[in-house]
Amino acid sequence: MHEMLKGANIGLAALSEDTGAVVVGLSWSSATGDGDADVSLLLLDGDGKVRGDADFYFYNRPAAEDGSVQLLGKVPTENGSEDRISLDLTAIPEDVVRIVVAASQDGGARFGDLDDLRMTVTDRSGEPLLGFSITDATVETAFIFGELYRRNEEWKFRAIGQGYETGLAGLATDFGITVEEDDEQGVHGELGELGELGELGELGGGAGGGEGVGGTEEVGIAAVIPTPRAPVTDVASLAVAAPAISTAAGTGAGPAVDVAPKAGAGEVVGRGRGTRTAKKKVTLPKAVKKSLAENDSWKPARLFPVPSYKSDREREVRATSVLLSVMAEVPEFGRRLTAGFGAPAGRMQTFTEVSLPHGDSPKRPDGVIRTERAGKLWTALVETKTNGNPLKSEQVQNYMDIAARRGYEAVITLSNDVALEGSPLVEVKTDGRRKHKVSLWHLSWAEVAHQAQMLIRHEGVGNAAHAWLLQELLHYLQHENSGCHGFQNMGPAWVPVRNGIDTETLCQGDPRAVEVVESWERLIRQVCLRLGGELGQKALPVQRARRGTDPKSRRAELADRLCEEGRLSAEVRVDGARSALSVTADLRTGKIRTSMDVPAPDGAYPLSVAKRLLRVLEEAPADLHVETLLDGRNGPRGTLERLRPEPGDLLPRDGAAITGFRLSLFKGMGSGRGGAESGFIRSVDDAVDRFHGSVVAHLGQFEQRRPARARQTTEVSGVG
């Protein structure tokens, strides 16, 4: 990897022969695990200005309609997480000469509070091309990491590292977007006009972000530069913070994707050059239509029925065919799954059971994905496993060799397992003498279901038929006979480790403890995918290790802690949420604890705060534990059942200031290693679902309301 210095530039062609598609990664770390930022990207013309609203990409507009730009969101990495952006440089409109990559923060946070600010660029095979580390961030609330720009028909990269104290609005102003301060009603008016301009129906084939913008034609911009999302912790608030997409009743077609955050959280932006229309996006209706069946025994007809399979092979063939057919027919879905693997934005075709020559006997990969753009092909072989069947190294190695000889770009493995950094699912060898590189990628069935769910329930697709296809795919994947249910087995080391902790015979350094830690990490990643799909937000494990920490060393340390303490712990942070959700499995007591620390509002009387918290938790389980948090120590605690009649019991007797409250639920832990009703995996899923649905879903009312005393203080201080 070529390391860049601030202000330096380099041509991508000097780093790789294949730079038609690249993946940009932005990353940072925080000692507390709380720091984060929102990624944005701007396409600029020769004057250094955006051409229109379609040239600005952020969390509410994550992709170009032609697939040339795709914000892939955060993905777990060995150092925590990384925001990734897929760019098909061959599809970028000719009049775009610069691509600016930036990020912004909210809530008074500054980039100087983050550590290890870094930008990387990889080619389509995943090979790192360059890296740029930023070490001089201080008070900035927005940052330009770098830019890709055209020079003599070649794409080059420049390391910028320039910050703004004026946030995203200041950054946007520099690139020709006028930010106007406006009141809440004005914001809604502008957005309403934008929404009415969209058009229902089919998504135009090949219509891209630069359509109608070329040459000297002036195209207006009606967009919103959002101030970063307000922290939320309840399901309702998270739904509001997500892209505002709903479905018109009885039509199956929804209004345009709303590029604005919730009311009062953004500024209207315009360049005063007319208005351009926005494509409508379609999601599924939130309310299911009344069934015409006479009784529950009438089962609706399905596009992808799930029969009783006679063999795992039959199940794998069926699952592969169902998935690949939907990927080819729903462009947003196919692009979403392959953009991070270097596939270009173009026409996709998929195939199954293709016979390819290999030695004395031909090999038949489960599937082939082929994408074409500008006469160039990108091809990936697909190997699929269902149920608990593991991937086989020999089989994958054969496909890697075939792909290398035939000039294919990738091999994609698909199974219920979850890939971890530093712990490959299969061992393969690559011939370094070969000029052509083949990349090996992995998808879990849980990730496939997550992406389908995000598109049809939150972000939207091109038309109602595409939404229906994704719904049928989800129904197939979730069926008990599909074999595509995600990570469902803690592995053979689970029972010996659990028994060793119970009898206090498990010693530090035992490799079986490392296996359990890896399985726990896979389970938590799957919990994040499921929770994020339901809420329409990215959910990721909190990683507190500093950049450069070796994943194997980190897991070995966690394994030793498991041997000593008998507990597995993890934290999950939902994008936009104020606090992380903690999950702890205590193998000694057989209990799972789910908890969250809720900060106390400033400027309110302690008893008023305690009473309001208990009112907000009116529907929460009576066995919810509430613990008062003080500065540097813990305070009074009790269950809701005991505290409801006496809220004052939450107040410290010495009058110490209350900093927050810790809310916890406990649940019995399943003992089996599998995903059965009595298994450990099911008990973790149920514990997270119960805590989030019955506790976290109501906390927004507590955190978002300002106490009367605080409002009065503000009003008085503003007089005179």
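Predicted, not measured: the structure shown is a model, and the values here were computed from it.

Thresholds, definitions, all that
- Residues numbered from 1 in each chain as written.
- Predicted model: local features only at pLDDT ≥ 70, side-chain atom pairs only at ≥ 80, totals over all residues.
- Heavy atoms only, no water.
- Helix = DSSP H or I, 4+ residues; strand = E, 2+ residues; numbered from the N terminus.
- Buried < 20%, exposed > 50% of the residue type's maximum accessible area, 1.4 Å probe, protein only.
- Contact = heavy atoms within 4.5 Å.
- Pairing = 2+ DSSP bridges.
- Axes fitted to C-alpha atoms, helices over the stretch in contact; angles between N-to-C directions.
- 1 Å grid on protein atoms, 1.4 Å probe; cavity = no way out; pocket = protein on both sides within 12 Å on 5 of 7 lines; lining within 4 Å.
- Points joined across faces, edges and corners; volume = space filled by probe spheres on them.
- Nonpolar A, V, L, I, M, F, W, Y, C, P; charged D, E, K, R; others polar.
- Phe/Tyr/Trp six-rings, centres within 6.5 Å; stacked < 30°, edge-to-face > 60°.
- Salt bridge = Lys/Arg side-chain N within 4 Å of Asp/Glu carboxyl O.
- Expected span 1.5 Å × (residues − 1).
- Disulfide = S-S within 2.5 Å.
- Core = buried A, V, L, I, M, F, W, Y, C linked by side-chain atoms within 4.5 Å.
- Polar contact = N/O pair within 3.5 Å; in protein donor to acceptor, adjacent residues only side chain to side chain.

Student: Just to check I follow, could you spell out the overall build of the protein chain for this structure?
Tutor: In terms of regular secondary structure, the protein chain is built from 16 helices and 27 strands. Looking at the protein chain as a whole, 54% of its 720 residues qualify as buried. Once local pairs closer than 6 in sequence are excluded, the contacts in the protein chain between residues at least 24 apart make up 73%.

Student: I'm lost on the sheet that holds strand E23 (residues 581–586) in this one. Help?
Tutor: With respect to topology, seven strands assemble into an open sheet ordered E21-E22-E23-E24-E27-E25-E26, the strand pairing being antiparallel. The open sheet has two edge strands with one neighbour each: strand E21 (539–541) and strand E26 (633–639). This sheet shows a mean twist of 25 degrees between the axes of neighbouring strands, independent of strand direction.

Student: What is the right way to read the side chain of Thr-141 from this model?
Tutor: Considering the arrangement of structural elements, one finds Thr-141 in the loop between strand E10 (128–134) and strand E11 (142–151). Apart from the residues within four sequence positions on either side, Thr-141 is in contact with Ser-104, Gln-105, Ala-109, Phe-111, Tyr-164, Glu-165, Thr-166 and Gly-167.

Student: Is there a simple way to think about empty space enclosed by the protein in this case?
Tutor: Vacant regions in the atomic arrangement are exposed by a probe of water-molecule size rolled over the atoms. Evaluated as defined, the whole model comprises six cavities of 30 Å³ or more. Computed from the structure, the second largest cavity encloses a volume of approximately 70 Å³. If you go around the second largest cavity, the residues you meet are Leu-323, Leu-324, Met-327, Leu-337, Thr-338, Phe-341, Ile-369, Val-382, Ile-412, Thr-413, Leu-414 and Leu-443. Secondary-structure elements contributing two or more residues to the lining of the second largest cavity are helix H4 (312–329), helix H5 (331–338) and strand E19 (410–415). Residues belonging to the lining of the second largest cavity are distributed by class as follows: 10 nonpolar, two polar and no charged.

Student: Sorry, what's going on with the environment of Ser-30 here?
Tutor: Counting through the fold element by element, Ser-30 comes out in the loop between strand E3 (21–29) and strand E4 (38–44). A relative accessible area of 11% places Ser-30 in the buried class. Along the sequence, Ser-30 and Val-542 sit 512 residues apart, while their C-alpha atoms lie 9.9 Å from each other.

Student: Explain the environment of Gly-11 here, please?
Tutor: Its place among the elements puts Gly-11 in strand E2 (residues 9–11). Assessed through its relative accessible area of 8%, Gly-11 is described here as buried. Distance in space between the C-alpha atoms of Gly-11 and Arg-151 is 8.8 Å, their sequence separation being 140 residues. Here Gly-11 is in contact with Glu-154, Trp-155 and Lys-156, once residues within four sequence places are set aside.

Student: Please clarify how the packing of aromatic side chains should be interpreted in this entry.
Tutor: Each aromatic ring pair is specified by the distance between its two centres and by the angle formed by the two planes. Considering all chains together, one arrives at eight aromatic pairs under this definition. Both rings, one in Trp-28 and one in Phe-145, keep their centres 6.2 Å apart while their planes meet at 45 degrees; by these two values the pair is tilted. One end of the pair, Trp-28, is in strand E3; the other, Phe-145, is in strand E11, and 117 residues separate them in sequence. Each member of the pair Trp-28 and Phe-145 is classed as buried. With a centroid separation of 6.1 Å and 40 degrees between ring planes, the pair formed by Trp-520 and Phe-680 is classed as tilted. Placement of the pair is Trp-520 in helix H10 (residues 511–535) and Phe-680 in helix H14 (residues 680–694), with a sequence separation of 160 residues. Comparing Trp-520 with Phe-680, the two get one shared label, buried.

Student: What should I look at first to understand the pattern of salt bridges in this one?
Tutor: When charged atoms on two side chains of opposite charge get close, those side chains can pair. Applying the stated rule across the entire model yields 35 salt bridges. The shortest N-O distance in the salt bridge between Arg-51 and Asp-95 comes to 3.0 Å. With Arg-51 in the loop between E4 and strand E5 (56–57) and Asp-95 in the loop between strand E7 (80–88) and strand E8 (98–104), this residue pair connects regions lying 44 residues apart in the sequence. According to the relative accessible area criterion, Asp-95 is partly exposed, its value standing at 23%. Taken together, the shared-partner salt bridges in this structure form one network comprising Glu-421, Glu-521, Arg-525, Arg-554 and Arg-555.

Student: Sorry if this is basic, but what is going on with the pairing of strand E27 (residues 658–668) here?
Tutor: One face of the sheet, then the other: side chains in a regular strand alternate in exactly this way. Bridge count for strand E24 (residues 591–599) against E27 is nine bridges, and the pairing is antiparallel. Bridging across to E27, Asp-597 finds its partner in Arg-662. In the sheet, strand E25 (residues 625–630) pairs with E27 via six bridges, with the strands oriented antiparallel. Across the sheet, Val-626 pairs through a bridge with Leu-663, a residue of E27.

Student: Hey, could you run me through helix H7 (residues 445–459) in this one?
Tutor: Since there are 3.6 residues in each turn of an α-helix, residues three or four apart along the chain are aligned in direction. Over its 15 residues, H7 extends 20 Å from the first C-alpha to the last, a length consistent with the 21 Å expected when each residue adds 1.5 Å. Counting buried positions along H7 gives 14 out of 15 residues, so the element sits mostly inside the fold.

Student: Would you mind showing me how to read the state of the cysteines here?
Tutor: Working definition of a disulfide: a covalent bond connecting the sulfur atoms of two cysteines. Applying the stated criterion across every chain yields a total of zero disulfides. Take Cys-507: it sits in no disulfide, and the sulfur closest to it among the cysteines is that of Cys-563, at 7.6 Å.

Student: How do you make sense of the nonpolar core when you look at a structure like this?
Tutor: Side chains of nonpolar character tend, in soluble globular proteins, to be buried together. Ranked by size, the top nonpolar core spans 64 residues in total, and within it Trp-520, Leu-624 and Phe-661 carry the most contacts. Once residues lying within four places of it in the same chain are set aside, the contact partners of Leu-624 are Leu-617, Gly-638, Thr-639, Leu-640, Leu-663, Ser-664, Leu-665, Phe-691 and Val-695. Of all hydrophobic cores here, the second largest spans 41 residues; its members include Ile-369, Ala-380, Val-382 and Leu-455.

Student: It is not clear to me how the side chain of His-442 should be interpreted in this structure. Could you clarify?
Tutor: Here His-442 is to be found in strand E20 (residues 439–444). Engagement of the side chain of His-442 in a polar contact is seen with the side chain of Thr-413, the distance being 2.8 Å. A polar side-chain atom of His-442 sits 3.0 Å from the main-chain carbonyl oxygen of Asp-417. Contacts of His-442, omitting those with residues within four sequence positions, involve Phe-341, Leu-391, Thr-413, Leu-414, Ser-415, Asp-417, Ala-419 and Leu-425.

Interpretation in functional terms is not warranted from these geometric data alone.
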